[in-house]
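Single-letter residue listing:
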Amino acid sequence: MSDIKAVVRIEHPDVVLTETVAHDRSSNVRSVSEAGTDPTSGKFFYRVESSDFCRFEEGLRNDHTVGEFEQLIETRHGKAIYSFEYTDEAKVFSPVISTANGVVLDMENDGDAWLFSIWMPERTNLADLWDTARRQDIAIELLRVNEYASLGSTDAGLTDSQREALLVAFEAGYFEEPRNATLGEVAAELDISQPAAGGLLRRGIERLIVSSLMEDSDRTD
């Protein structure tokens, strides 16, 4: 069987941060997939671009899906990293993907909808994703999908260490949301330092994305 990389667009007013990005139309929000989140902390990290962070935070304060939030650092003019805690009213789509045996490679807003780049072990897992999304009344659209050889049997540009780190993290539940394993636990399983494990995962995810984009350029779905 072949792995797949798919890009899906979802929309629902209760999906986290939807009210915020609708309030601040200049904002672009992307998940920080490599952040070493403590699975018990309930905090989630995003890179945010906005022409007006005051307006963005006004949207956060009025967003029924957001509990606590904090701007951790403003990396440059118009760019910052935030941490968020979600309310019980929030619909979080990453666990839906995890339930379908998928991994979130990237997430960003498209206006007040959301684009998810995901990896799945088989194309048939998409059916499970659709069923779960529709049971939650989440509108979902497949934008593109491509197949490539299995992560376990091809390099896709990955080094052996990157492949091992990704597989260990996947099996441990590191990519689930909330996470079932910390970066430290993944590092311990790999018998390497936490920064080294984070680097392997970050570069491995980047290579998977680059590999799939190269496939996209060679075929039309």
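I will try to describe carefully the structure that is included in this document. (Residues numbered from 1 in each chain as written. Predicted model: local features only at pLDDT ≥ 70, side-chain atom pairs only at ≥ 80, totals over all residues. Heavy atoms only, no water.)

## Considerations on the side chain of His 12
Mapped onto the elements of the fold, His 12 is located in the loop between β1 (3–11) and α1 (18–23). Take His 12: its relative accessible area is 14%, and that puts it in the buried class. From its side chain, His 12 meets the backbone nitrogen of Asp 14 in a polar contact 2.9 Å long. Apart from the residues within four sequence positions on either side, His 12 is in contact with Thr 18, Lys 91, Gln 136, Asp 137 and Ile 138. (Helix = DSSP H or I, 4+ residues; strand = E, 2+ residues; numbered from the N terminus. Buried < 20%, exposed > 50% of the residue type's maximum accessible area, 1.4 Å probe, protein only. Polar contact = N/O pair within 3.5 Å; in protein donor to acceptor, adjacent residues only side chain to side chain. Contact = heavy atoms within 4.5 Å.)

## What about the nonpolar core?
With 38 residues, the main nonpolar core has Tyr 46, Phe 93, Phe 116 and Leu 129 as its most contacted residues. Excluding residues within four positions of it along the chain, Leu 129 makes contact with Phe 93, Val 96, Ile 97, Ala 100, Ile 118, Met 120 and Ile 140. Val 103, Leu 158, Val 186 and Ala 187 belong to the second largest nonpolar core, which has 19 residues in total. (Core = buried A, V, L, I, M, F, W, Y, C linked by side-chain atoms within 4.5 Å.)

## What about the pairing of strand β5 (residues 79–86)?
The two faces of a sheet get side chains in turn, since along a regular strand they alternate between them. Bridging between strand β3 (residues 43–49) and β5 involves seven bridges; their strand directions are antiparallel. Among the inter-strand pairings, Phe 45 is bridged to a residue of β5, identified as Ser 83. The pairing of strand β4 (residues 66–76) with β5 spans six bridges and is classified as antiparallel. Pairing of Phe 69 across the sheet is with Phe 84, part of β5. (Pairing = 2+ DSSP bridges.)

## Quick look at the pattern of salt bridges
One pass over the structure, following the stated rule, counts five salt bridges. Salt bridges sharing partners connect three or more residues here, namely Arg 9, Glu 11 and Asp 110. (Salt bridge = Lys/Arg side-chain N within 4 Å of Asp/Glu carboxyl O.)

## Considerations on the packing of helix α5 (residues 160–172) against helix α6 (residues 183–190)
Contact geometry for α5 and α6: axes closest at 10 Å, N-to-C directions at 125 degrees. Taken together, the axes of α5 and α6 are oblique relative to one another. The way α5 lies across α6 gives a crossing that is right-handed. Every residue of α6 that contacts α5 at Glu 164, Ala 165, Val 168 and Ala 169 is listed here: Val 186, Glu 189 and Leu 190. The residue inventory of the contact of α5 with α6, partitioned by class, reads five nonpolar, no polar and two charged. (Axes fitted to C-alpha atoms, helices over the stretch in contact; angles between N-to-C directions. Parallel < 35°, antiparallel > 145°, perpendicular 65-115°, else oblique. Left-handed = near helix turned anticlockwise from the far one by under 90°. Nonpolar A, V, L, I, M, F, W, Y, C, P; charged D, E, K, R; others polar.)

## Here's the deal with the layout of surface pockets
Taken as a whole, the second largest pocket encloses approximately 170 Å³ of empty space. Lining the second largest pocket we find Asn 28, Arg 30, Arg 47, Val 48, Glu 49, Thr 75, Arg 76, Lys 79, Ala 80 and Ile 81. Broken down by secondary-structure element, the contributors of at least two residues to the lining of the second largest pocket are β2 (28–31), β3, β4 and β5. Tallied by class, the residues present in the lining of the second largest pocket amount to three nonpolar, two polar and five charged. (1 Å grid on protein atoms, 1.4 Å probe; cavity = no way out; pocket = protein on both sides within 12 Å on 5 of 7 lines; lining within 4 Å. Points joined across faces, edges and corners; volume = space filled by probe spheres on them.)

## Examining empty space enclosed by the protein
The final tally for this structure, using the stated rule, is three cavities of 30 Å³ or more. In this structure, the second largest cavity spans a volume of roughly 80 Å³. Those elements that place two or more of their residues in the lining of the second largest cavity are β6 (103–110), α5 and α7 (194–218). Counting residues per element, the lining of the second largest cavity draws most heavily on α5, which supplies three residues. Partitioned by chemical class, the residues of the lining of the second largest cavity number 10 nonpolar, no polar and no charged.

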